[in-house]
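# Residue-level structural notes
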Amino acid sequence: MSVFIVGFPGAVASRVAERIAGDHGEKVILLVAPNHLRLAKRFVKKVDGNIVIVEGTEQQIDFGLSGEDFHALGEEVSVILHLRLPGPPGHPKAAKMHEVRMAVREVIELGLVSPKLENILMLSNVDVAGNSHQGFVEQDLEQGQSFSDPAQADRLAGERVLRRFMGRLPITVVRCGWIVGEGEGLCPLGMLLLAAKDSNSLPVKNTAGLLHIIDLETISELTARFALVPPRREGETLHPVSY
């Protein structure tokens, strides 16, 4: 099995690559932007597993690869993971508008030329519910909710692109909450509270008393499992949370 990962050097993408290659012994093909090549090479050296670096850019057509290389990649991969998940509104790593949507379109294009494809997985966020103040169900995603940050709207747009192909491709959306912690030291909730600038930074709306928070190690392990053993039904949306 060959697993293609978009999202390096993000924390989840790095840990998922390490788990799939090191713990599960599968081949990982890591898409790496030119400005992150040195970091990626150091990362590959420390992982005891088969990780191959492909230089490219998430938002470019065919990830910036030649047509021949793009189709060769499609012939090889059986799992495609879109794991680029920016930080919350105001965070330094928050996405620019259209970045997620553009990358998802290239993921779909790769899936369409992958005859061995078993799974496309996108890591999204519960903030696609936007600024709604009431209980929120899946059918409400098309109600035209407002967003406090362009990255939230972009994630929903990326999900919509994927959903248009759920009848043609094996697609799973993992919609997590805010990812916090390193598994040691302060508890994840404490870290989130300390990092929050004000109460509006906490994702407590629409939750009926549940904070949508998950620690980094847990979401990385779950994502690796979902990638290698996809859910029984294609087109599912999963909501893993820790608290």
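Just so it is clear, the model here is predicted, and its values are computed rather than measured.

So, on to the nonpolar core. If you look at the biggest cluster of nonpolar residues, it comprises 33 residues, and the most contacted ones within it are Ile 5, Ile 20, Leu 30 and Leu 81. Of all the secondary-structure elements, those providing two or more residues to this core are strand S1 (2-6), helix H1 (11-23), strand S2 (27-32), helix H2 (37-46), strand S4 (79-82), strand S5 (119-125), strand S6 (171-176) and helix H7 (216-228). Residues within four places of Leu 81 in sequence aside, it is in contact with Val 3, Phe 4, Ile 5, Val 6, Val 16, Ile 20, Leu 121 and Ala 227. Leu 73, Val 107, Met 166 and Val 173 belong to the second-largest nonpolar core, a separate cluster that totals 26 residues.

Here we take up the packing of aromatic side chains. Two aromatic rings are characterised by how far apart their centres lie and by the angle between their planes. Counted according to the given criterion, the structure contains three aromatic pairs. With centroids separated by 5.4 Å and ring planes inclined at 55°, the aromatic side chains of Phe 4 and Phe 63 adopt a geometry described as tilted. In this pair, Phe 4 is assigned in strand S1 and Phe 63 in the loop between strand S3 (51-55) and helix H3 (67-76), connecting sequence segments 59 residues apart. Phe 63 shares its class with Phe 4; the two are buried.

Let us now look at H2. Residues spaced three or four apart along an α-helix face the same direction, because each turn holds 3.6 residues. Burial in H2 covers these residues: Leu 37, Ala 40, Phe 43 and Val 44. For H2, the buried positions fall inside an angular range of 120° around the axis, keeping them on one side. When the buried face of H2 is taken as reference, the exposed residues oriented beyond 90 degrees from it are Arg 38, Arg 42, Lys 45 and Lys 46. Taken together, the buried residues of H2 touch H1, S2 and S3.

Rules used in this analysis
- Residues numbered from 1 in each chain as written.
- Predicted model: local features only at pLDDT ≥ 70, side-chain atom pairs only at ≥ 80, totals over all residues.
- Heavy atoms only, no water.
- Core = buried A, V, L, I, M, F, W, Y, C linked by side-chain atoms within 4.5 Å.
- Buried < 20%, exposed > 50% of the residue type's maximum accessible area, 1.4 Å probe, protein only.
- Helix = DSSP H or I, 4+ residues; strand = E, 2+ residues; numbered from the N terminus.
- Contact = heavy atoms within 4.5 Å.
- Phe/Tyr/Trp six-rings, centres within 6.5 Å; stacked < 30°, edge-to-face > 60°.
- Arc of directions from axis to C-beta.

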